[in-house]
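# Examining the three-dimensional arrangement
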Amino acid sequence: MNWVKRNQNTALFMVFAVIFMAILLLINRDTTTYTNIKVQEGDTLWSLSDRYKGDLSNAEWVRLVKNENNIMDDEIIAGHTLIIPDHKQTDPTNKEIVLASDKNDE
């Protein structure tokens with residue numbers, strides 16, 4: 001307790017640093033939800049990623065699925081169930097790029 005009285009500024013800084021780190025951890029935590037799908041004949045991880053990836057890249061989606069299902073290679077078996085990330089795709093109109101040269105001069 002004597003140390004805290006002698007080093008009030010240092011103790012206060014440490015308390016704020018711990019609070020700041022806790023807030024950062026809460027804000028940046030992974031909020032990915034998962035769902036199950038049944039693998040159909042002819043499905044591959046890459047073909048499934050085209051259907052279910054949402055805003056993720058194909059490679060990122062495949063990496064998440066392989067990690068969540070403990071898959072070492074790219075092989076999946078028809079009839080098995082996969083746990084996949086349930087990412088909602090954003091509205092494609094939000095990705096529209098308008099160049100200044102494309103605007104109509106009125």
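In this report, the structure presented in the accompanying data block is examined. Just so it is clear, the model here is predicted, and its values are computed rather than measured.

Along the polypeptide, Asn-69 turns up in the loop between α4 (58-68) and β2 (81-85). Asn-69 gets classed as buried once you look at its relative accessible area, which sits at 19%. For Asn-69, the side chain forms a polar contact with the main-chain oxygen of Ile-83, separated by 2.8 Å. The residues contacting Asn-69, other than those within four sequence positions of it, are Thr-81, Leu-82 and Ile-83.

In this section: the packing of helix α3 (residues 45-52) against α4. Axis separation between α3 and α4 bottoms out at 9 Å; the angle between their running directions is 110 degrees. Taken together, α3 and α4 sit at an angle that is classed as roughly perpendicular. α4 is crossed by α3, and the crossing has right-handed handedness. Listed contacts from α4 to Leu-45, Trp-46, Leu-48, Ser-49, Asp-50 and Tyr-52 of α3 are Asn-58, Ala-59, Trp-61, Val-62, Val-65 and Lys-66. Tallied by class, residues from the contact of α3 with α4 come to eight nonpolar, two polar and two charged.

A word on the pattern of salt bridges. Evaluated as defined, the whole model comprises three salt bridges. Linking Glu-60 and Arg-63 is a salt bridge whose minimum nitrogen-to-oxygen distance equals 2.7 Å. Pair noted here: Glu-60 and Arg-63 are both in helix α4, with a separation of three residues, about one helical turn. Residue class for Glu-60 comes out partly exposed when judged on its relative accessible area of 30%. When its relative accessible area of 45% is taken as the criterion, Arg-63 is described as partly exposed.

Further remarks concern the nonpolar core. Leu-45, Leu-48, Trp-61, Val-65, Ile-76, Leu-82 and Ile-84 are the most contacted members of the largest nonpolar core, which totals 13 residues. Elements represented by at least two residues in this core include exactly α3, α4 and β2. The greatest single-element share of this core, amounting to four residues, is contributed by α4. Non-local contacts of Leu-45, meaning those with residues more than four positions away in its chain, are made with Trp-61, Val-62, Val-65, Lys-66, Asp-73, Asp-74, Ile-76 and Leu-82.

Conventions adopted
- Within any chain, residue numbers begin from 1 and follow the written order of that chain's sequence.
- Local features in this predicted model are restricted to residues of pLDDT 70 or higher, and side-chain atom pairs are both shown and tallied only at a pLDDT of 80 or more, whereas totals for entire chains, interfaces and linings draw on every residue.
- Excluded from the side-chain calculation are hydrogens and water; included are all heavy atoms of the structure.
- Per the convention used, a helix needs a DSSP run of H or I reaching at least four residues, while a strand needs a run of E reaching at least two, with both numbered from the N terminus.
- When accessible area is computed with a 1.4 Å probe and restricted to protein chains, residues below 20% of their type maximum are described as buried, those above 50% as exposed, and intermediate ones as partly exposed.
- Under the rule applied, a polar contact is a pair of N or O atoms within 3.5 Å (in protein, one hydrogen donor and one hydrogen acceptor; residues adjacent in sequence only if both atoms are side-chain atoms).
- Residues are treated as being in contact if the distance between any of their heavy atoms lies within 4.5 Å.
- Between N-to-C directions, angles cover 0 to 180 degrees, with each direction set by a line fitted to C-alpha atoms, over the stretch in contact for helices.
- Angle categories: roughly parallel below 35 degrees, roughly antiparallel above 145, roughly perpendicular from 65 to 115, and oblique for all the rest.
- Helix crossings get a hand from a simple test, with the near helix turned counterclockwise from the far one by less than a right angle marking a left-handed crossing and a clockwise turn marking a right-handed one.
- In this classification, Asp, Glu, Lys and Arg are treated as charged, Ala, Val, Leu, Ile, Met, Phe, Trp, Tyr, Cys and Pro as nonpolar, and every other residue, Gly included, as polar.
- Salt bridges are identified by distance alone: a Lys or Arg side-chain nitrogen within 4 Å of an Asp or Glu carboxyl oxygen.
- Throughout this description, the term nonpolar core refers to a set of buried Ala, Val, Leu, Ile, Met, Phe, Trp, Tyr and Cys residues connected via side-chain atoms within 4.5 Å.

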